[in-house]
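Residue-level structural notes
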Amino acid sequence: MRKIQVLVIEDSLTVRKRMLEVLADDPDIEIVGEAGDGKRGIELCQDLRPDVVTLDIMMPVMSGLAATEFIMAYCPTRILIVSASTNRGELFKTYDALAAGALDVLDKPAGNEVDNAWEKKLISTVKLISRIKVIMHPRARLGPTGHLPAASLSIDADPRVMPLAASAAERRTPRQGGRPRVVAIGVSTGGPAALIGILRGLPRGFPAPILLVIHIGRVFAPAFAEWLDGQSLFRVAYADDGEPLPPFGDGRVLMACPDRHLVLRDGKLRLTQDPDRNFCRPSVDVLFESLAKDIGADCAACLLTGMGRDGAEGLLAIRRTGGRTIAQDEATSVVFGMPREAILLGAAEQVLPLEKIAPMLDAMVRGADREDH
């Protein structure tokens, strides 16, 4: 069986050597190269064509962000950001790299981990993203972030369930056609670019409040709301426990806080430390199911690109209560995992490419979407 070929780009010699040791100890992984700056890393990536690149953000000569943009534009490769950057400016660069095509982010070892926890996380993450397959690269076209867009990627599909079409359950589920007053979005891998695409696609004055769950590591999550706030016309903030659901007409974005589920109960937003769902906290399913219970048909929900199945059951719950539901299509998903699971359940009223989701949400909340799909 072919080993996973990894290129390590890291300016700290100590950290780089530690990463090389950990990766080389795994029988399924082969180190094909190492570099101490982004420019040399790009050269090696072009020459060696590794399966996975691990990449620091703050480096001399060329930063990790610039390297990510170049790699994804000219030699699309699975990128794992490995960074110790936790101040605001450096976190913003990490989010920019994720929006430009990096798949995941892992913090550097602090030296106080127990039971080789960091080493196990590094190995498992490299193996996980190595399963993501580059299937398309829209070259020479600027993406929604103003950077060159990332390649479109998808988990290798099970041929027994592909290609996806509307399932029998979906065909039996009647479309209620309500006019939603709240929008909920769930997203994971590929989330930053997808969210920017939707928020920039909504018109100024979009009236429905938006509730958001994104899977991002707790260490790197604190400044994400502020970063996203700067990427669109909408106000974006982390939700406060107990604050009322914003009324229709207050079109702002409220996000689940790091390591907290976001739920709606009796018209108020709550942050909980209930157990993980689908190995996630915050969980998309937890938010969606609370909305189905509390406001039902007054909600529209979108399940976007992401690995795993979080959000599929919750999207189905919203559809069953008469809410409007959208799943992102395979062609525009970075990872067609979460949307795929929802489609198979019959949870998606509509399956749309990313660029059509914002116009559809706007039509839904204005009551302009009346045709059957």
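Before any of the text, the structure's been laid out above.
Numbering of residues begins from 1 in every chain and follows the order in which that chain's sequence is written. Since the coordinates come from a predicted model, pLDDT governs what is reported: local features require at least 70, and pairs of side-chain atoms require 80 or more to be given and counted, while whole-chain, interface and lining totals use all residues. Excluded from the side-chain calculations are hydrogens and water; all other atoms, namely the structure's heavy atoms, are used.

A few points about the overall build of the protein
If you tally the helices and strands in the protein, you get 12 helices and 16 strands. To sort residues, take the accessible area from a 1.4 Å probe on protein chains only and compare it with the maximum for the residue type: under 20% means buried, over 50% means exposed, and anything in between is partly exposed. Taken across its 373 residues, the protein has 56% of its residues classed as buried. Taking all contacts inside the protein whose residues are at least 6 apart in sequence as the whole, residues at least 24 apart take part in 71%. To measure how exposed things are, a 1.4 Å probe is used in the Shrake-Rupley method; for residues, cover is taken only from the protein chains shown. Carbon and sulfur atoms provide 50% of the accessible area of the protein, an area that totals close to 15,600 Å². Comment: elements are numbered from the N terminus, with helices defined as DSSP H or I runs of at least four residues and strands as E runs of at least two. For this analysis, residues touch if any pair of their heavy atoms sits within 4.5 Å.

A closer look at the packing of aromatic side chains
Stacked, tilted and edge-to-face are the three classes assigned to paired rings of Phe, Tyr and Trp, where Trp is represented by its six-membered ring and a pair needs centres within 6.5 Å; plane angles under 30 degrees give stacked, over 60 edge-to-face, the rest tilted. The tally for this structure, following the rule as stated, stands at 6 aromatic pairs. Both rings, one in Phe70 and one in Tyr74, keep their centres 4.7 Å apart while their planes meet at 45°; by these two values the pair is tilted. Taken together, the positions of Phe70 and Tyr74, both in helix H3 (residues 64-74) and 4 residues apart, correspond to about one turn of that helix. Residue classification places Tyr74 among the partly exposed residues on the basis of a relative accessible area of 38%. Ring plane angle 40° and centroid distance 5.3 Å describe the contact between Phe224 and Trp227, whose orientation is recorded as tilted.

Quick word on helix H9 (residues 284-294)
Taking burial as the measure, the 11 residues of H9 include 8 buried ones, the bulk of the element. When H9 is considered as a whole, its buried residues turn out to be Val284, Asp285, Val286, Leu287, Phe288, Ser290, Leu291 and Ala292. Next to the buried residues of H9 lie strand S8 (182-187), strand S9 (210-214), strand S12 (261-265), strand S14 (299-303), helix H10 (312-320) and helix H11 (338-345). Any pair of nitrogen or oxygen atoms within 3.5 Å is treated as a polar contact; in protein, a donor-acceptor pairing is required on top of that, and neighbouring residues in sequence qualify only through side-chain atoms on both sides. Measuring from the backbone nitrogen of Asp285 back to the side-chain oxygen at the start of H9 gives 3.2 Å, which picks out Ser283 as the cap. Just past H9, the residue Gly296 takes up positive phi, approximately 50°.

Quick notes on the pairing of S12
Across the 5 residues of S12, 4 count as buried, placing the element largely inside the fold. The pairing of S12 with strand S13 (residues 268-272) spans 5 bridges and is classified as antiparallel. Across the sheet, the residue bridging to Arg265 is Lys268, located in S13. Between S12 and S13, which pair antiparallel one after the other, the connecting turn spans 2 residues, and Asp266 there sits at a positive phi close to 50°. Two strands pair under a simple rule: DSSP has to find at least two bridges between them.

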